Amino acid sequence: MMDLKGMTALITGASRGIGRAIAIYLAELGAQVAVNYASSEEQAREVVEQIKNRGGRAMAIKADVANVRDVDSMFEQVLAEFGDLHILVNNAGINRDGLLIRMKQEDWDAVLETNLKGVYNCSKEAARIMIKKRRGKIINISSVVGVAGNAGQSNYAAAKAGIIGFSKAIARELAPRNIQVNVVAPGFITTDMTDKLPEAVKQDMLNRIPLGRYGKPQEVAYVVGFLASDKSQYITGQVIHVDGGMIM
């Protein structure tokens, strides 16, 4: 059985959707959890309360992962509260969809800043902590869009593809220090973000899923839990698709 007792995990963008499911599941496995959020304070505190009501330890931290000062402060708070960091899950992400010729510069910049630069900012700080202890897990949430692309999401696809390349590079850098870096690439998962998509887009996605259904946030969390545990010590630099067979 997977056991994260004694471990501390920081999950970015953990107030809702996939991040929320990951935070709750890692806490169920025994980890102390830092729940990062950018604006959804009430939802983040609900996640913390749910974990505490089940006997776990958790804290909510407001931080914009694209802002270096916010990230520095967030890691300081995690260490002050829990004393260490063993697991980082880079999940925070936004979308500003639009066709290339209509895409505003600020929409391109916002998505790249949060979805890719945020992963760089947080991974860098986590690595500094983990290198000293010669152990750690960094798990980055990408997307099938970062592998296959998707019309109207050139900014999102660029950021999510960048996460994959970034992860493979730092996996090679950090492997000698016993730090594993892996990527989880979800497909169409039912979340607040996907609920906003037009019905025609949802149906088109469903038609492309061999298993014939949308995924659940918990199904992504289960894979993250495995990668965060000591059961995955010999896995690094990999991209694991949780997509019902969309990418084969």
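Since this is a predicted model, take the numbers as computed values, not measurements. (Residues numbered from 1 in each chain as written. Predicted model: local features only at pLDDT ≥ 70, side-chain atom pairs only at ≥ 80, totals over all residues. Heavy atoms only, no water.)

**Student:** Break down the overall build of the protein chain for me, citing the residues and quoting the values.
**Tutor:** Scanning the protein chain from terminus to terminus reveals nine helices and seven strands. Rg of the C-alpha trace for the protein chain: 17 Å, near the compact-globule value of 18 Å for 248 residues, within the 12% margin. Overall size of the protein chain, expressed as C-alpha extent along the three principal axes, is 45 × 40 × 35 Å. With 248 residues in all, the protein chain has 50% of them scored as buried. Counted over contacts in the protein chain with a minimum sequence separation of 6, partners at least 24 positions apart contribute 73%. (Helix = DSSP H or I, 4+ residues; strand = E, 2+ residues; numbered from the N terminus. Rg over C-alpha atoms; globule rule 2.2 N^0.38 Å. Buried < 20%, exposed > 50% of the residue type's maximum accessible area, 1.4 Å probe, protein only. Contact = heavy atoms within 4.5 Å.)

**Student:** I'd love a proper account of the packing of aromatic side chains, names of residues and values included.
**Tutor:** Scanning the entire structure with this criterion turns up two aromatic pairs. Ring geometry for F188 against Y214: centres 4.4 Å apart, planes inclined by 35°, an arrangement best described as tilted. Placement of F188 in the loop between β6 (179–186) and α7 (192–195) and of Y214 in the loop between α8 (199–207) and α9 (217–228) is noted, with a sequence separation of 26 residues between them. A relative accessible area of 6% means that F188 is categorised as buried. For Y214, a relative accessible area of 24% corresponds to the partly exposed category. (Phe/Tyr/Trp six-rings, centres within 6.5 Å; stacked < 30°, edge-to-face > 60°.)

**Student:** Can you lay out a nonpolar patch on the surface for me, pointing to particular residues and giving the numbers?
**Tutor:** A contiguous nonpolar patch, built from L99, L100 and I101 and spanning about 370 Å² of accessible area, is present on the exposed surface. Residue placement: L99 occurs in the loop between β4 (87–90) and α4 (105–133). Judged by its relative accessible area of 44%, L99 falls in the partly exposed class. (Patch = residues over 30% accessible without salt bridge, like charges linked within 9 Å, V, L, I, M, F, W, Y side chains within 5 Å. Areas by Shrake-Rupley, 256 points an atom, 1.4 Å probe, with all protein chains shown as cover. Salt bridge = Lys/Arg side-chain N within 4 Å of Asp/Glu carboxyl O.)

**Student:** Summarise the packing of helix α1 (residues 17–28) against α9; cite the residues concerned and give the values.
**Tutor:** Packing of α1 against α9 leaves a shortest axis separation of 8 Å and a crossing angle of 50°. With respect to α9, the element α1 is oriented oblique. Regarding α1 and α9, the two cross each other, and that crossing is right-handed. Counted together, G17, I18, A21, I22, Y25 and L26 of α1 and P217, Q218, V220, A221, Y222, V224, G225 and A228 of α9 form the full contact between these two elements. Of the residues that constitute the contact of α1 with α9, the class distribution is eleven nonpolar, three polar and no charged. (Axes fitted to C-alpha atoms, helices over the stretch in contact; angles between N-to-C directions. Parallel < 35°, antiparallel > 145°, perpendicular 65-115°, else oblique. Left-handed = near helix turned anticlockwise from the far one by under 90°. Nonpolar A, V, L, I, M, F, W, Y, C, P; charged D, E, K, R; others polar.)

**Student:** So what's going on with the pattern of salt bridges? Which residues, and what values?
**Tutor:** The final tally for this structure, using the stated rule, is ten salt bridges. Across the pair E219 and R213 runs a salt bridge whose closest N-O atoms are separated by 2.7 Å. The exposure class of R213 is partly exposed, given its relative accessible area of 39%.

**Student:** Please give an account of the sheet that holds β6 that cites residues and values.
**Tutor:** The strand order across the open sheet built from seven strands is β3-β2-β1-β4-β5-β6-β7, with neighbouring strands paired in parallel fashion. Each having just a single partner strand, β3 (58–62) and β7 (239–242) make up the two edges of the open sheet. Put simply, the sheet's adjacent strands are angled 20° from each other on average, direction ignored. By the bridge criterion, five bridges tie strand β2 (residues 32–37) to β3 in an arrangement that is parallel. Following the sheet pairing, V33 is matched in β3 by A58. Running at roughly 175° to strand β1 (residues 8–11), α1 makes contact with β1, β2, β4, β5 (136–141) and β6 of the sheet. (Pairing = 2+ DSSP bridges.)

**Student:** Please provide a residue-by-residue account of the packing of α4 against helix α6 (residues 154–174), values included.
**Tutor:** Contact geometry for α4 and α6: axes closest at 8 Å, N-to-C directions at 15°. Considered as vectors, α4 and α6 are oriented roughly parallel to each other. Between α4 and α6 the crossing geometry is right-handed. Every residue of α6 that contacts α4 at D107, W108, V111, L112, N115, L116, V119, Y120, S123, A127 and I131 is listed here: S154, N155, Y156, A158, A159, K160, G162, I163, F166, I170 and L174. Tallied by class, residues from the contact of α4 with α6 come to 15 nonpolar, five polar and two charged.

Everything listed here is a matter of geometry and, on its own, says nothing about what the molecule does.
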